[in-house]
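Fold and contact review
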Amino acid sequence: MSQPTERRWEYKTLRPPCDETKKEAEDPQATLNTCGDDGWELITTIEYTGGETKSLVFKRPVEKAPVATRDSSL
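Right, let's walk through the structure included here. Small disclaimer: the values here were computed from a predicted structure and weren't measured. (Residues numbered from 1 in each chain as written. Predicted model: local features only at pLDDT ≥ 70, side-chain atom pairs only at ≥ 80, totals over all residues. Heavy atoms only, no water.)

Examining the overall build of the chain
- The helix and strand inventory of the chain stands at one helix and five strands.
- Listing each helix as α and each strand as β along the chain from the N terminus yields β-β-α-β-β-β.
- For the chain, the proportion of its 74 residues judged to be buried stands at 11%.
- Of the contacts made within the chain by residues no fewer than 6 positions apart, 55% connect residues no fewer than 24 positions apart. (Helix = DSSP H or I, 4+ residues; strand = E, 2+ residues; numbered from the N terminus. Buried < 20%, exposed > 50% of the residue type's maximum accessible area, 1.4 Å probe, protein only. Contact = heavy atoms within 4.5 Å.)

In structure tokens:
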């Protein structure tokens, strides 16, 4: 019988390049596609007060680890 597995995630943040007006300097499409090719999924953006630099937040699953089971004989 197989052991149950626990889903685990790793996270990554990126800041798109910005110009002097704090606006994105270029379309991040190529970066997003590269991250997607590496298994990363964009899950949200974080925009700071005043419209300053945004962060892009990604996640992807890490190798699943078996869930520890408690020995009922103890």
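A few points about the pattern of salt bridges
- A complete count under the given rule lists two salt bridges for this structure.
- Between E6 and R8 there is a salt bridge; the shortest N-O distance is 3.7 Å.
- Exposure remark for E6: the relative accessible area of 36% places this residue in the partly exposed category.
- A salt bridge links R60 to E10, with the shortest nitrogen-to-oxygen separation between them at 2.7 Å. Taken together, the residues R60 in strand β4 (residues 54-61) and E10 in strand β2 (residues 9-14) connect sequence positions 50 residues apart.
- Using a relative accessible area of 24% as the deciding quantity, one classes R60 as partly exposed. (Salt bridge = Lys/Arg side-chain N within 4 Å of Asp/Glu carboxyl O.)

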